[in-house]
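The lines below spell out each chain.
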There are 2 protein chains.
Amino acid sequence: MDAMGRSTNSSAKGSKTGSGTQSADAAGGSDFLQLDIGQAPTGGRTAWLADRLRTAIADGRLPVGTRLPASRVLAGELRVTRGVVTEAYRRLAESGQIAGRGRLGTVVVAAPAAPRESTAEAAGPGPALFASAVRDGVVDELRALPCRIDLSPGLPDLAAFPRTAWVRAERAVLAGVTPADFGYGDPRGAPALRRAVVGWLARNRGIRADPDEVVVVAGVAQALSLLGRLLREDGVHRVAVEDPGSLGARQQLEYGGHTVVPVPVDAGGLDVGALRASGARAVLTTPAHQFPTGVVLDGERRRDLLSWAAEGGVVIEDDYDAEHRYDRPPVPALRSLLPDGVCYAGSVSKLLAPALRVGWLLVPPDRLEAVVRAKRYADLGNGVLTQLVLARLMDSGELERHLRHVRTRHRRRRDAMLRAVRARLPGARVHGAAAGLHLMVTFDDRGTGLRDTDLAAAALARGVKVHPLSWHRLTPGPPGLVLGYAAGAAHDIEEGIAVVGEALHGLAPS
Amino acid sequence: MDAMGRSTNSSAKGSKTGSGTQSADAAGGSDFLQLDIGQAPTGGRTAWLADRLRTAIADGRLPVGTRLPASRVLAGELRVTRGVVTEAYRRLAESGQIAGRGRLGTVVVAAPAAPRESTAEAAGPGPALFASAVRDGVVDELRALPCRIDLSPGLPDLAAFPRTAWVRAERAVLAGVTPADFGYGDPRGAPALRRAVVGWLARNRGIRADPDEVVVVAGVAQALSLLGRLLREDGVHRVAVEDPGSLGARQQLEYGGHTVVPVPVDAGGLDVGALRASGARAVLTTPAHQFPTGVVLDGERRRDLLSWAAEGGVVIEDDYDAEHRYDRPPVPALRSLLPDGVCYAGSVSKLLAPALRVGWLLVPPDRLEAVVRAKRYADLGNGVLTQLVLARLMDSGELERHLRHVRTRHRRRRDAMLRAVRARLPGARVHGAAAGLHLMVTFDDRGTGLRDTDLAAAALARGVKVHPLSWHRLTPGPPGLVLGYAAGAAHDIEEGIAVVGEALHGLAPS
């Protein structure tokens, strides 16, 4: 309502009551959204125009599918240079709200669930989400809430999804598949994808495997679900997890009937001595880029963990975003060092898109049959077309090209977030920025009593979504935030961190 | 080797040693496969040519991707009418081995795992599969074995998969999805597909539902896996199943930790009195077209089963092939009569293709949250692109068009199988031919001691795959076979049943 009111008063209203056929008045205005350039601050015309468009998309005046005016036309009506319009369009394209569609021009492709003004003022269920203890499905609940800027961790640059290459590969797949390929298949997955994954893992993760050892799964989540079953069959009911560590993984193990045993993480990664002392017979770990701290398991700890595995411990290696490195050398997978002692899970969720729900699981040879059985009775195997398209993208080098492309974008966004954190959150300590899709910040809470759930709630009340670090902790520790930077545009990241800074100020004891 | 030997001896050899540039000799021959029309029996040239092509595809001389000569060219070389060649090509296209590819011409798209001659003579692991008690994964093992003609039940006409419509829909989907659609989504599935499924179920199955009640799953197999978890949480460890009933479903329930309780099926369907007497608190049933007998649950039994559900029994309705009807009126789903008492599972496996791994699950309102939780921790939800393409095909009427198209083909194949059974298996009694994708035959074993596993083994030794009815029985009964007709061409069905007839003769006490 506020947005509507604001855009129909002042001179825009004048242009509506004027000649209907005249597209621009003397002051530089457009019938399209009743835009009045006179409202734009000097030197801020691009930001003003982008904001007007964003508001109109959010409040439904420009629904998905709407074609925007050609930049040349709109620039002429507003009496601005064409660069002002194309730059505003570019910003919305980068945040995924509009997209070029060839001869169709530029169209609206996504609407946030609520306009920015109303989100900023709504009390809603958002802040309440952080008020109580962490409950089942809380990440899904947070995801479903509307927001203006999403800095949740765990997503790559989704606007860069290679749509054209995907359709091209799909067409080729459908021209080549046999009728039998459409039937019930091998529960381990399509042979073509298992071969492609073997090549991918050899090239990128130092892992040597045979396609017959690879089980295609519906993401790392399903890998954990299947492994949970195997552990129960082996009488293993306590599973060690990193602390801090992934809330989702922890909740999944608990749903599978396991008691999770927290093992501390420090600058060297998982504390293997504490793991030994815990008596747990299995551990879930993220050695290449620990979630959420971003540390790499150091050499001595790696050797120690592999000894523990060789003595009979079960290591579940979640290699969730190992391919995203910026300022550090690659770290080979643990699995590459001890194939008989490590269960390895990876996926395309951080390479391409979580929504594809495709991953892979490699287990020691003596567990393979049990895993295949678990996959068979879970769902009879993954859907075949997505598998075959992925196999093609992997084999053709298209996926590696995509990875190089998004890595450049991710690095730029990471740098934007680091700059913004330094400028807007001067008291924050940054962790794990050398790789991955997120970084972690912690705050000194001595004397302030700051709770990171309060900070996340205050940020959400201002339209910015972040994860409080305490969600990912099993035992208390300093407050902090887990901040994803890969999925958003640099200007959104800067603005989002500025909002977090305001929220932090608002919480400071007065 | 035999096939190679046969096609290089006699006059084909002569044409090879003759002028290399001459494409046909006076007797009507072609360099292509060294075909010699002189070997073809009078009046059987089409069958002969189809057989030669099939053999060359099977033994690797014509690998997948090979382009066949234009029919006009080959007809000229062989000195036959063009109709002989186009009809031979049509037969191979119908059995899915070759396909027209526009300007690319006709290409080989599928090779059977072994040539017909060697399959017919191989002892291999095939017959041994039937020798022992039914074990875990036996259906997968049978599926992986090579054969010449596959009459296994459970597959629709896969050669009719609407490849063009699929690519078109996929392109439209990728042009319209938002970046956020590529992220983690609602574990219940994409809203667009849940809406489309609601429309489909209302139009085709008499079911009224809200999209929020639909959970998209990876086929009925996953639906059973999720429901198994819920039943265990409710303390239900014994689940009644139809006898005879699906081996795969039974094995899945057992893997999920349940004891299956057999309840007899007769001409009226599931014996609800026996269900009551069993004391089981849950039942898995296929009321619209019982597997494998093909009977429909009659009116009185339906009312009785719904009373049982209203008294607290859990009915799991597997509506696996309800859309395939030929000679009988539609039967509404049980779910349409008692939404609060029936868990309903369906899928696209029999509508389009099992390899898509997409189905849907509707549960009573008080179980919805628990099912969503189970789906979340199973895999976080189905892959989104396949869901959105399916939604488009459902919304556009393309899927209904496809169903009408394959129904005509299925009916023709069903008729071919009925004729063949009457001609080649005169002692067999046919059950459940009015609908579905398979029929069941039983044999009178009085005095013969016929075991259907021996018959299936003997047929497989001759290159024809069938399911012995005893695989799908929990308690002993007359021997029989479960014969799928939907996936194969009519001439393959006729030949396959003829082979089963020979196998039966070979087993007769001499």
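Heads up: the structure comes first, above all this text.
Basis of the calculations
Residues numbered from 1 in each chain as written. Chains lettered and ligands numbered in written order. Predicted model: local features only at pLDDT ≥ 70, side-chain atom pairs only at ≥ 80, totals over all residues. Heavy atoms only, no water. Least-squares fit on C-alpha atoms with pLDDT ≥ 70 in both. Contact = heavy atoms within 4.5 Å. Pairing = 2+ DSSP bridges. Helix = DSSP H or I, 4+ residues; strand = E, 2+ residues; numbered from the N terminus. Axes fitted to C-alpha atoms, helices over the stretch in contact; angles between N-to-C directions.

J.: It is not clear to me how the relation of the copies chain A and chain B should be interpreted in this structure. Could you clarify?
T.: Mapping one chain copy onto the other needs a rotation about an axis and a shift along that axis. Screw-axis analysis of chain A against chain B gives a translation of 0.0 Å along the axis, an RMSD of 0.1 Å, and a rotation angle of 180°. Look at the turn and shift together and you get a two-fold axis relating the two. Interface residue correspondence from chain A to chain B reaches 100%, placing this contact among same-surface, isologous pairings.

J.: Looking at this structure, I do not really get the sheet that holds strand E10 (residues 282-285) of chain B. What am I missing?
T.: Backbone-to-backbone hydrogen bonds pair the strands of a sheet. The strands run either parallel or antiparallel. Residue and element names in this part refer to chain B. The strand order E6-E13-E12-E11-E10-E7-E8-E9 describes an open sheet built from eight strands, whose pairing is mixed. Either end of the sheet is taken by a strand with one partner, and the two such strands are strand E6 (214-217) and strand E9 (269-270). Sheet analysis places E6 next to strand E13 (residues 359-362), joined by four bridges and oriented antiparallel. Paired with Val217 across the strands is Gly359, a residue of E13. Of the strands in this sheet, E6, strand E7 (238-243), E10, strand E11 (314-318), strand E12 (342-347) and E13 are in contact with helix H11 (residues 219-233), which crosses E12 at around 155°. Helix-sheet contacts for helix H15 (residues 368-379) involve E6 and E13, and the interaxial angle to E6 is about 25°.

J.: Explain unusual backbone geometry here, please?
T.: Apart from glycine, the bulk of residues carry a negative phi angle, and the bulk of peptide bonds sit in the trans form. The step from Phe291(A) to Pro292(A) runs through a cis peptide bond, and the omega angle for that step is 5°. Here Pro292(A) shows up in the loop between strand E10 (282-285) and helix H14 (299-310). Across the junction of Asp243(B) and Pro244(B), the peptide omega takes the value 0°, indicating a cis bond. In this fold, Pro244(B) is placed in the loop between E7 and helix H12 (247-255). Although it is not a glycine, Arg79(A) adopts a positive phi angle of roughly 55°. Turning to its location among the elements, Arg79(A) is positioned in the loop between helix H4 (71-78) and helix H5 (82-94). Backbone geometry at Arg357(B) places phi at a positive 50°, although glycine is not the residue there. Looking at the element boundaries, Arg357(B) is found in the loop between E12 and E13.

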